[in-house]
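Residues per chain are reported as follows:
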Amino acid sequence: MYWISYNITMSGIQIILLTGILFIGFYFYSRMQRAIADVLLLLLLGTVAILFVLMPELANKLAHKLGVGRGADLVMYVSILLFWFILIKLYAKIRKLEAQVTDLIRNQTIAEVVKKEA
């Protein structure tokens, strides 16, 4: 039986990044309603992030297969896409909340006017 050993010597930046990833994961998990899709997305992104931090060559190999020069560039491009997705999702959520508040205030005002007239 062959034992696979991988000598992990982490640099300072890897320790900082892993700590950040874990902090963000715990924060996200504690703040969300723990919907299964959110938890699965968190696990997927966290796993990929940890793999890329511990094995940067993996990101380089994937980048080269996708036609990108460096793994860091690939991570940046994907991060930009995720940023825009989250930004648009938050904007839509804010617009929906604004519409709900407007409807709530409108209905409350109408109810108060009807109550005063009666």
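In case you missed it, the structure is sitting above this.
Criteria and cut-off values
Residues numbered from 1 in each chain as written. Predicted model: local features only at pLDDT ≥ 70, side-chain atom pairs only at ≥ 80, totals over all residues. Heavy atoms only, no water. Axes fitted to C-alpha atoms, helices over the stretch in contact; angles between N-to-C directions. Helix = DSSP H or I, 4+ residues; strand = E, 2+ residues; numbered from the N terminus. Parallel < 35°, antiparallel > 145°, perpendicular 65-115°, else oblique. Contact = heavy atoms within 4.5 Å. Nonpolar A, V, L, I, M, F, W, Y, C, P; charged D, E, K, R; others polar. Expected span 1.5 Å × (residues − 1). Buried < 20%, exposed > 50% of the residue type's maximum accessible area, 1.4 Å probe, protein only. Arc of directions from axis to C-beta.

(A) Here's a closer look at the packing of helix H3 (residues 56–66) against helix H4 (residues 71–117). For the pair H3 and H4, the least separation of the axes is 7 Å and the interaxial angle reads 75°. Viewed along their axes, H3 and H4 adopt a mutual orientation that is roughly perpendicular. Together, Ala-59, Asn-60, Leu-62, Ala-63 and Leu-66 of H3 and Gly-71, Ala-72 and Leu-74 of H4 make up the contact between the two elements. For the contact of H3 with H4, the residue count by class is six nonpolar, two polar and no charged.

(B) Region of interest: helix H1 (residues 12–31). In this model H1 runs 29 Å from its N-terminal to its C-terminal C-alpha over 20 residues, within 8% of the 28 Å that 1.5 Å per residue would give. For H1, the full list of buried residues reads Gln-14, Leu-18, Ile-21 and Gly-25. Take H1 and look down its axis: the buried residues cluster within an arc of 60°, on one side only. Structural note: H1 exposes Ile-13, Ile-16, Phe-23, Ile-24, Phe-26 and Arg-31 on the side pointing more than 90 degrees away from its buried face. For H1, the elements touching its buried residues are helix H2 (36–54) and H3.

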